[in-house]
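What follows is the residue order along each chain.
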Amino acid sequence: MNWDILQQNIKGIVTIPSHPHFESIKRSMVWNEVKPSRTPDVIVTVKNDDDIVAAINFARENKLQVAVHGGGHTWCGLAIRNGGMTIDLSNLTESVIDKKNLKAIIQPVISNQELARRLSEYDLAFPIGHCPTVKASGYLLSGGMSWNLSHWGPGSASVEAIEFVTADGKKIKASETEHADLFWAARGCGPGMFAVATRYHLQCYPLPKAIMTSTYYYSLDHLSEVVNEVTALGWSMPSIVELSIFLIKAPPELIDQCRATNGKLCMITAVAFADTKEQGIAALQVLETGKMVKKCLAKNLNEASDFEKLSTVSGITWPQNHRNLCENQSSQAKPVDILMAMRDKIIDAPSPKSVIVFCQSTGRHNLLEDNPKLALSMAGQSYGGIWGIWEKAEDDIANIKWQNETMALLKPFTYKHYIGETDIVQDPTRIKESYTAEKWKKLEEIRKKYDPNKIFFGFGGI
């Protein structure tokens, strides 16, 4: 390949494997510390849309397949493929915010935390993801399992249009009125996407003025009763409450009370995205009406929060610079059946940082309803899963074994995998299992229309 020709046609940087910084650039594009051994032929770090057009045209003319680094979790390193070109969007971080019309236009690599901060300056909010460092494109293309999901819905449902560079090197804008099929596919296709998203047009919301949290800690000895009661109470809570059940390491002050369960406990969190303190307290008060609350080990009620604080807490639960395995899915099974199946596995987890969590329904409706306007196929009264999190490579075997065993227990309860947080390299069958049969068929038809020559790797080529 004559890489000099490509470099002359772009303002960004072309990096090939012989370059001294190639390996560090490649590693930086995978959030997970479990790095793939795969290596692309070239990494093109673009500066603008025209660079993307030039890179796509060069790839097509030279028969190189393309992968895109848009800043998702990349649990299995899907920005890095065997051979081909990786287009790195890391420099595209601009935003334009229209407070009056509750709109924003953002480039693809703005983090959840940074987007929340920028919008808050205008008293606006968007259904961002929980992990603070994950970037918009990786998050939104996968569907966007968001904060305040029961009320605002997944992040992709609040995307009004997406600007793309397509496989033929054209710049287009997709929405419900133009290129509607591509717009549908982009909201849930995730790592299988077959165009480069350059801008997202967002519908924003007034910033909740009183975000409040309540947290309860319970012994795993009472897990069945707690889950049954909490999920039942959830149905009577308003939709502005995000209700989650964690199986997790106890905080230091409760470790002694959890010795019999290897320092693990059940943590219930409820976050109210309220407009007033009184509204938030009333929404969270529902959890105080149960009988099991008398048996909690500790509780913190009605604490004031904001998106910055929520991001900090999530960042502790899902820390950077760690080795990770992940399985996130939606379920239509009874939450108590799922969590009781997981109980003994969290006790036996080789890493104290591993966590199991399932968000629950509030607002008298299922947390997730299948939306025909989105390729995203998640549906059910709960979603969540298993995160194996550890630090040292020498602990890989034990943690991988634990993750695989725990996933096997979870599989009978799975409705659909979440394409943004499941390992499709280890198990490619999870690709089709992330979509309904109808949506998968439609997705493949749209792919053939917009990328007939398979310029993009899509889900394959790993």
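Residues numbered from 1 in each chain as written. Predicted model: local features only at pLDDT ≥ 70, side-chain atom pairs only at ≥ 80, totals over all residues. Heavy atoms only, no water.

Asker: Could you give an account of the overall build of the chain, naming the residues involved and the relevant values?
Answerer: When its secondary structure is counted, the chain shows 14 helices and 19 strands. Against the globule reference of 23 Å for 462 residues, the chain gives a C-alpha radius of gyration of 22 Å, in line with a compact fold. In terms of overall dimensions, the chain has a C-alpha envelope of 70 × 55 × 40 Å along the principal axes. For the chain, with 462 residues in total, the buried portion stands at 60%. Of note, the chain has its 50 positive side-chain charges centred 2 Å away from the centre of its 51 negative side-chain charges. (Helix = DSSP H or I, 4+ residues; strand = E, 2+ residues; numbered from the N terminus. Rg over C-alpha atoms; globule rule 2.2 N^0.38 Å. Buried < 20%, exposed > 50% of the residue type's maximum accessible area, 1.4 Å probe, protein only. Lys, Arg positive; Asp, Glu negative; His and termini not counted. Charge placed at Lys NZ, Arg CZ, Asp CG, Glu CD.)

Asker: Residues and numbers for the environment of tryptophan 147, please.
Answerer: As for its placement among the helices and strands, tryptophan 147 is situated in the loop between α5 (136-141) and α6 (149-152). Along the sequence, tryptophan 147 and glutamate 278 sit 131 residues apart, while their C-alpha atoms lie 21 Å from each other. Other than its neighbours up to four places away in sequence, tryptophan 147 contacts Pro127, Ile128, Gly129, His130, Trp152, Glu242, Val271, Phe273, Phe307, Leu310 and Ser314. (Contact = heavy atoms within 4.5 Å.)

Asker: I'd love a proper account of helix α3 (residues 49-61), names of residues and values included.
Answerer: Over its 13 residues, α3 extends 18 Å from the first C-alpha to the last, a length consistent with the 18 Å expected when each residue adds 1.5 Å. Buried residues of α3: Asp49, Asp51, Ile52, Val53, Ala54, Ala55, Ile56, Phe58 and Ala59, and no others. For α3, the N-terminal cap is asparagine 48; the gap from its side-chain oxygen to the backbone nitrogen of aspartate 50 is 3.2 Å. Within two residues after α3, lysine 63 carries a phi angle of roughly 55 degrees, on the positive side. (Expected span 1.5 Å × (residues − 1). Polar contact = N/O pair within 3.5 Å; in protein donor to acceptor, adjacent residues only side chain to side chain.)

Asker: Before we move on, can you summarise the packing of helix α8 (residues 223-234) against helix α11 (residues 335-348) with the specific residues and values?
Answerer: At a minimum axis distance of 9 Å, the contact between α8 and α11 shows a crossing angle of 150 degrees. What the angle tells us is that α8 and α11 run roughly antiparallel. Considering how the two elements wind past one another, α8 and α11 form a crossing that is right-handed. In this structure, α8 uses Leu223, Ser224, Val227, Asn228 and Thr231 to contact α11, whose residues at the interface are Pro335, Val336, Leu339, Met340 and Arg343. Residues that form the contact of α8 with α11 fall into these classes: 6 nonpolar, 3 polar and 1 charged. (Axes fitted to C-alpha atoms, helices over the stretch in contact; angles between N-to-C directions. Parallel < 35°, antiparallel > 145°, perpendicular 65-115°, else oblique. Left-handed = near helix turned anticlockwise from the far one by under 90°. Nonpolar A, V, L, I, M, F, W, Y, C, P; charged D, E, K, R; others polar.)

Asker: Account for the state of the cysteines, naming residues and giving values.
Answerer: The final tally for this structure, using the stated rule, is 0 disulfides. Here cysteine 258 stays free of any disulfide, with the sulfur of cysteine 266 as its closest cysteine sulfur at 11 Å. Here cysteine 326 is not cross-linked by a disulfide; its sulfur's nearest cysteine counterpart is in cysteine 76, at 9.4 Å. (Disulfide = S-S within 2.5 Å.)

Asker: I'd like a rundown of the pairing of strand β6 (residues 103-106), residues and numbers included.
Answerer: Of the two faces of β6, only one is covered, namely that formed by Ala104 and Ile106; the face formed by Lys103 and Ile105 stays uncovered. Two elements, strand β5 (residues 95-98) and β6, share 4 bridges in a ladder whose sense is antiparallel. Looking across to β6, one finds that serine 95 is bridged to isoleucine 106. Following β5, the chain reverses through 4 residues before pairing antiparallel with β6; leucine 102 in that reversal takes a positive phi of roughly 55 degrees. Looking at chain direction, β6 and strand β10 (residues 196-203) are connected through 4 bridges and run antiparallel. Bridging across to β10, isoleucine 106 finds its partner in tyrosine 200. (Pairing = 2+ DSSP bridges.)

Asker: Provide a residue-level description of the sheet that holds β5, including the pertinent values.
Answerer: Strand pairing within a sheet occurs via backbone hydrogen bonds; the two strands may be parallel or antiparallel. The 5 strands lie next to each other as β5-β6-β10-β8-β9, forming an open sheet whose pairing is antiparallel. The outermost strands of the open sheet, each flanked by one partner alone, are β5 and β9 (171-175). For this sheet the average axis-to-axis angle between neighbouring strands, irrespective of direction, equals 15 degrees. The pairing of strand β8 (residues 159-165) with β9 spans 5 bridges and is antiparallel.

Asker: Explain the side chain of serine 377 residue by residue, including any values.
Answerer: Tracing the backbone shows serine 377 in the loop between β17 (355-360) and β18 (382-390). We classify serine 377 as buried; its relative accessible area is 1%. A distance of 3.2 Å separates the side chain of serine 377 from the backbone nitrogen of threonine 436, its partner in a polar contact. Ignoring sequence-local partners within four residues, the contact set of serine 377 consists of Asp370, Tyr415, Lys416, Ser434, Tyr435, Thr436 and Lys439.

Asker: Tell me about the layout of surface pockets, and name the residues and values.
Answerer: When its volume is computed, the second largest pocket comes out at roughly 260 Å³. Of the residues belonging to the lining of the second largest pocket, the class tally is 6 nonpolar, 4 polar and 5 charged. (1 Å grid on protein atoms, 1.4 Å probe; cavity = no way out; pocket = protein on both sides within 12 Å on 5 of 7 lines; lining within 4 Å. Points joined across faces, edges and corners; volume = space filled by probe spheres on them.)

Asker: Tell me about helix α12 (residues 396-410), and name the residues and values.
Answerer: Over its 15 residues, α12 runs 21 Å from end to end, which matches the ideal 21 Å to within 8%, given 1.5 Å per residue. Of all the positions in α12, only Asp396, Asn399, Trp402, Gln403, Thr406, Met407 and Leu410 are classed as buried. Projection of α12 onto a plane perpendicular to its axis shows the buried side chains occupying an angular sector of 135 degrees, all on one side. Along α12, exposed side chains directed more than 90 degrees from the buried face belong to Ile397 and Ala408. Looking at the packing, one finds that the buried side of α12 touches β16 (323-331), α11, β17, β18 and α13 (429-432). (Arc of directions from axis to C-beta.)

Asker: Describe the packing of aromatic side chains, with residues and values.
Answerer: Under the definition given, this model contains 9 aromatic pairs. When the ring of tryptophan 152 is compared with that of tyrosine 205, the centres are 5.2 Å apart and the planes differ by 20 degrees; the resulting orientation is stacked. Of this pair, tryptophan 152 sits in helix α6 while tyrosine 205 sits in strand β11 (residues 205-206); the two residues are 53 residues apart in sequence, bridging distant segments of the chain. Members of the aromatic cluster, joined through ring pairs, are Trp147, Trp152, Tyr205, Phe273 and Phe307. In this structure, lysine 416 packs its charged tip against the face of tyrosine 415, placed 5.3 Å from the ring centre. The lysine or arginine in question, lysine 442, covers the ring of tryptophan 184, its NZ or CZ lying 4.2 Å from the ring centre. (Phe/Tyr/Trp six-rings, centres within 6.5 Å; stacked < 30°, edge-to-face > 60°. Lys NZ or Arg CZ within 6 Å of the ring centre and 35° of its normal.)

Remember that the coordinates give geometry; whether it matters functionally is a separate question.
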